[in-house]
Amino acid sequence: MKKTISFVLSSLLLTSIAYAHSKDKTHTNFEAVTVTANKIEENIIDVPQSITVITDEQLENKGIKKISEVIKEIPNMNFQNSLNGGMSSFRGLNSSMFTNNNPIVIYIDGVPYYDRYDFNPSLENVEQIEILRGPQGTLYGKDAIGGVINIITKTPTNQWSGSALMEYGEDNLYKTSLNTSGAIIDNKLYAGINGSFKSDDGWITNHYSGMNKDANRKKERKTNGFLLYKPTDNLSAKFVLTDNYEKEYFMDGYGANPTIKINNLKRKDAKNVSFDVPTYERTKVKSQSLNLNYDLEKVKLESTTTHKKVDFDGDYDTDNLANNLSDDLRQFNYTELDTWTQELRVSSKNQDIKWITGLYFDKEDRHQGPYGAEQLYYGSVYIGDANSNSKSKTAAIFGQTMIPLGEDFELTLGGRYQRIKKEIDVTAKSSWAGVSNPDVNYIDEKTWNTFLPKVALMYYLNENTSTYVSISKGYMPGGFNYYPSNNKSKDNSFEAQKSTNYEIGLKHLAEDYNINISIFRMDIKDIHVYKQLMQGTLFATSNANKAHSQGIEIDGTYFITDKLQLSAAVGLIDAKYDDYDNGTRKYDGEKIETTPRYTASLGLAYLQEKGLYGRVDIFARGKTTYIDGADNDNLVEANGGITSNAKVGYKTKNFDIYGYITNITNEDYITSYMSKPGTAWVGFNEPRRFGIGVKYTF
């Protein structure tokens, strides 16, 4: 790692020197990429941070239909294919189990998706996805400690247009979608609606009598509608309604013997299972948002109001097995979440010094329960169940300015001061061998105040090349355990996770290629860790004192010809604990779990507006460490893997007919692992799958 960092630093320096001697303002054949990373429109080359942009054409060509497939495109970003909702990790930062927050926050036109139970929004009607790598707390708030996936939807025109899609694949995979928008009153009132439906029988068969044989089947329905009103050229109001439903059964894996070495676990062993308790996760999401914009000559005023309700039901077989002493025992998690957010912003327009400032408020009410499990403990059945009500309120003031320093430099200064108050009231009930234990009643409240600064300096080598160095603070608030073991605050609460982040980078946009290079170092304090108690009958979040991650990320695109495109991305990372004792052992110097040593992608595409087209994509991930709760919390390392996808199609003026194959070589690797005495939950990537589709555009 040290040699690699030294090599890239040297390359970056040599490249900077070379371009410094070439200040000619050359024209590029690449279109300027406009992003809203700083919540104002800018050319991507003017933003001092690493950003990956995925356009609507790229989403369509690559067949990207869900957030996990977006994450796969990003260096050092990882998605865990497991139970317990959508869990992501990035640069050594993992999901926080009892704040339920991911280190990556999704925004769709200002509507946040940060909860692990609500992390798969619709990708219909998308104009562009901007993945902002590194902490974004200054402008995006309390949870964006790792990065932001910023999704911008398409702006309607006076003419009604849209598309309809139908797709069929192996394992009875059905997908249909419809997207249309246009003007009700030209130049004044616009409307749009989109929806998608998907069902999949899955690749795992349950052989237990009386149970549905399609063990890991899935269904989802996502609908969205909006009204956009523009009474004047300067004023606009957009109201959006969203209604999403998902139900996923079992898991993309199986319950394994925890004594089997992790690299002896294979996906073929998960194709035929036997479990006796219906296992599923059902998620309902209803949200409303209102965005108001008013443009003046020198400033822009904006207000974004959102309301969201999430209803999550989870039922699980305790050991994912049948015909043993744990038959009929289940785990359960029922959660209801109600969230309001309000952001007010003022930003500059047509000014040499760019700036933005604003206020942010949110209010979250969460009811969780029943929440617990029935499982064997020293030969008898232990039953635990907790019901909790928790509240969270956030208030913040933020600002950022970008100041030109002569012709070649730009200084970015930003900061956010925020106050987060959380309360919890929980009652935990338990029994063992039919005898009830005393209830545990835990009531607590805590307040976290913090300031999140950001400083960045950008140097323009020429019109198409910029370098930057930045320092910023990342933050994820603390919280409470929803299943307390006693009524003591110190045992059932955990502190905020904080990071100091250093990054240097280079961006270059040439006539036929672009490249983005970033080198980062992150020092983390009070990192949130998830651990098992009482042989896996209880779970808790606590803090590891110190950790660090450092690495390199490179991505770029090269047009070999006007129609032949090569794209690539690679991320290398070294993420380790520096000071962590979980009470039974120390992890100092050991790798942070669920962080692949590297991720990489390579794509070759033949692009055409009409006629034959096609592409091949290769994805790789390195070895990944997991905690083995069945073996004294030791760390085990799973091998990585290389997969490849291909798509070939034919386009006419209105139709696109295509076929695809994913995981061509049927490679298998572990995507998630959690164990306790008696069982292990093992998740795998999907097997090879063929499919065909047709899309009609009007």
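Residues numbered from 1 in each chain as written. Predicted model: local features only at pLDDT ≥ 70, side-chain atom pairs only at ≥ 80, totals over all residues. Heavy atoms only, no water.

## What about the overall build of the chain?
The following threshold applies: Secondary structure is summarised from DSSP: a helix means a run of H or I of at least four residues, a strand means a run of E of at least two, and numbering begins at the N terminus for each. We compute the radius of gyration from the C-alpha atoms alone; for a globule the expected value is 2.2 Å times N to the 0.38, where N is the number of residues. Each residue is placed in one exposure class: buried if its accessible area under a 1.4 Å probe, protein chains only, is under 20% of its type's maximum, exposed if it is over 50%, and partly exposed if it falls in between. The contact criterion used throughout is that any non-hydrogen atoms of two residues lie within 4.5 Å. Counted charges follow a simple rule, with Lys and Arg positive, Asp and Glu negative, and His plus the chain ends left uncounted. To locate a charge, take NZ of a lysine, CZ of an arginine, CG of an aspartate or CD of a glutamate.
Tallying secondary structure elements over the chain gives five helices and 41 strands in all. A globule of 698 residues ought to have a C-alpha radius of gyration of about 26 Å, and the chain, at 25 Å, matches this closely. In the chain, buried positions account for 56% of the 698 residues. Counting contacts in the chain only where the partners sit at least 6 residues apart, residues at least 24 apart contribute 67% of the total. Averaging the locations of the 79 positively and 88 negatively charged side chains of the chain gives two centres separated by 1 Å.

## Some remarks on the pattern of salt bridges
What counts is decided by this rule: Counted as salt bridges are all cases of a side-chain nitrogen of Lys or Arg within 4 Å of a carboxyl oxygen of Asp or Glu.
Scanning the entire structure with this criterion turns up 39 salt bridges. Linking Lys 354 and Glu 410 is a salt bridge whose minimum nitrogen-to-oxygen distance equals 3.8 Å. Taken as a pair, Lys 354 in strand E21 (residues 354-377) and Glu 410 in strand E23 (residues 409-432) lie far apart in primary sequence, 56 residues in all. Take Lys 354: its relative accessible area is 18%, and that puts it in the buried class. Lys 421 is the salt-bridge partner of Glu 423, the closest N and O atoms lying 3.8 Å from each other.

## Structural notes on the sheet that holds strand E7 (residues 111-115)
Rule in force here: Any two strands between which DSSP finds at least two bridges are classified as paired. All axes here are fitted lines through C-alpha atoms, helices being fitted over the stretch that makes contact, and every angle between N-to-C directions spans 0 to 180 degrees.
A sheet is described by the order of its strands in space; here five strands give the open sequence E3-E8-E9-E6-E7, paired in mixed fashion. Two strands bound the open sheet, and with one partner strand each, they are strand E3 (51-55) and E7. Put simply, the sheet's adjacent strands are angled 15° from each other on average, direction ignored. In this structure, strand E6 (residues 101-108) lies alongside strand E9 (residues 147-153), joined through five bridges in parallel fashion. Note that in E9 the partner of Ile 106 across the bridge is Ile 149.

## Describing the pairing of strand E25 (residues 440-462)
Here E23 runs beside E25; their pairing, made up of 20 bridges, is antiparallel. Residue Arg 419 lies in a different strand from E25, and its bridge partner there is Asn 449. Here E25 pairs with strand E26 (residues 465-476) via eight bridges, running antiparallel. Bridging from a neighbouring strand, Val 455 pairs with Ile 471 of E26. Turn length for the E25-E26 hairpin, with the two strands adjacent in sequence and antiparallel, is two residues.

## Focus: a nonpolar patch on the surface
Rules: For patch detection, residues must exceed 30% relative accessible area and be free of salt bridges, and they are connected within 9 Å for like charges or within 5 Å for nonpolar side chains (Val, Leu, Ile, Met, Phe, Trp, Tyr). Areas reported as accessible are Shrake-Rupley estimates using a 1.4 Å probe. Residue values count occlusion only from the protein chains shown.
On the surface, a nonpolar cluster with roughly 720 Å² of combined accessible area is contributed by Trp 160, Ile 184, Ile 185, Leu 227, Phe 239, Leu 241, Leu 290 and Leu 292. Along the chain, Phe 239 turns up in strand E15 (residues 235-249). Exposure remark for Phe 239: the relative accessible area of 37% places this residue in the partly exposed category.

## Describing the packing of aromatic side chains
Just so we agree on the cut-off: Classification of ring pairs uses Phe, Tyr and Trp, with its six-membered ring standing for Trp, and accepts pairs whose centres are within 6.5 Å; under 30 degrees between planes counts as stacked, over 60 as edge-to-face, and the remaining range as tilted. Distance and angle both matter: a charge sits over a ring if NZ of Lys or CZ of Arg is within 6 Å of the ring centre and within 35 degrees of the ring normal.
Per the counting criterion, the structure on display carries 18 aromatic pairs. Between Tyr 377 and Tyr 378, the ring centres sit 4.8 Å apart and the planes meet at 65°, which makes this aromatic pair edge-to-face. Judged by relative accessible area, which is 17%, Tyr 377 ranks as buried. Its relative accessible area of 62% is what places Tyr 378 among the exposed residues. The structure contains a cluster of three or more aromatic residues connected by ring pairs, namely Tyr 377, Tyr 378, Tyr 382 and Trp 432. The ring of Tyr 140 carries Lys 39 above its face, with NZ or CZ at 4.6 Å from the centroid. Residue placement shows Arg 91 over the ring face of Phe 520; its charged tip is 4.2 Å from the ring centre.

## Observations regarding a negative patch on the surface
Negative charge collects at one region of the surface, where Asp 578, Asp 579, Asp 581 and Asp 588 lie side by side. Mapped onto the secondary structure, Asp 578 falls in strand E32 (residues 564-579).

## Description of the side chain of Asn 216
Definition in use: In the analysis that follows, any N or O atom pair within 3.5 Å is treated as a polar contact, provided that within protein one partner can donate a hydrogen and the other can accept it, and provided that, for residues neighboring in sequence, both atoms belong to side chains.
Structurally, Asn 216 is set in the loop between strand E13 (205-206) and strand E14 (218-229). A distance of 2.9 Å separates the side chain of Asn 216 from the side chain of Asp 252, its partner in a polar contact.

## Here we look at the side chain of Asn 663
Looking at where Asn 663 falls in the secondary structure, it is placed in the loop between strand E38 (655-662) and strand E39 (670-676). By relative accessible area, which is 4% here, Asn 663 ends up buried. Apart from residues lying up to four places away in sequence, Asn 663 is in contact with Arg 267, Thr 643, Ser 644, Asn 645, Asn 685, Glu 686, Pro 687 and Arg 688.

## Considerations on the nonpolar core
For clarity, the threshold we go by: Residues enter a nonpolar core if they are buried and are Ala, Val, Leu, Ile, Met, Phe, Trp, Tyr or Cys, with the set joined through side-chain atoms within 4.5 Å.
By size, the foremost hydrophobic cluster in this structure holds 22 residues, and its most contacted members are Ile 262, Leu 265, Ile 670, Tyr 673 and Val 682. Secondary structure elements with two or more residues in this core: strand E16 (253-256), strand E36 (634-638), E39 and strand E40 (679-684). If one sorts the elements of this core by residue count, E40 sits on top with four residues. Contacts of Tyr 673, omitting those with residues within four sequence positions, involve Pro 258, Ile 262, Leu 265, Tyr 626, Ile 627, Asp 628, Val 636, Ala 680, Trp 681 and Val 682.

## With respect to the environment of Gly 182
On the secondary structure map, Gly 182 appears in strand E11 (residues 173-185). By relative accessible area, which is 0% here, Gly 182 ends up buried. A C-alpha to C-alpha distance of 8.8 Å links Gly 182 and Gly 162, two positions 20 residues apart in sequence. Once residues within four sequence positions are removed from consideration, Gly 182 is found in contact with Pro 156, Thr 157, Asn 158, Gln 159, Trp 160, Tyr 190 and Ala 191.

## Observations regarding the sheet that holds E16
Across the sheet, three strands lie side by side as E16-E40-E39; this open sheet has antiparallel pairing. Each edge of the open sheet carries a strand with a single partner, namely E16 and E39. Strand-to-strand, the axes of this sheet are offset by a mean angle of 15°, without reference to chain direction. The pairing of E39 with E40 spans six bridges and is antiparallel. Counted as the bridge partner of Tyr 673 is Val 682 from E40.

## Some details on the pairing of E40
With six of six residues buried, E40 is to be regarded as a mostly interior element. Burial along E40 is two-sided: Thr 679, Trp 681 and Gly 683 and Ala 680, Val 682 and Phe 684, pointing in opposite directions, are all buried. Note that E16 and E40 share four bridges and pair antiparallel. In the sheet register, Tyr 254 faces E40, and the bridge partner there is Val 682. Counting the residues between successive antiparallel strands, the hairpin from E39 to E40 contains two residues, one of them, Gly 678, with a positive phi of roughly 105°.

## So, the environment of Thr 594
With respect to the helices, strands and loops of the structure, Thr 594 is situated in the loop between E32 and strand E33 (598-606). In sequence terms Thr 594 and Ser 89 are 505 residues apart; their C-alpha atoms lie 7.3 Å from each other. Dropping the residues within four chain positions of it, Thr 594 is found in contact with Asn 78, Gln 80, Ser 89, Asn 94, Thr 624, Thr 625 and Tyr 626.

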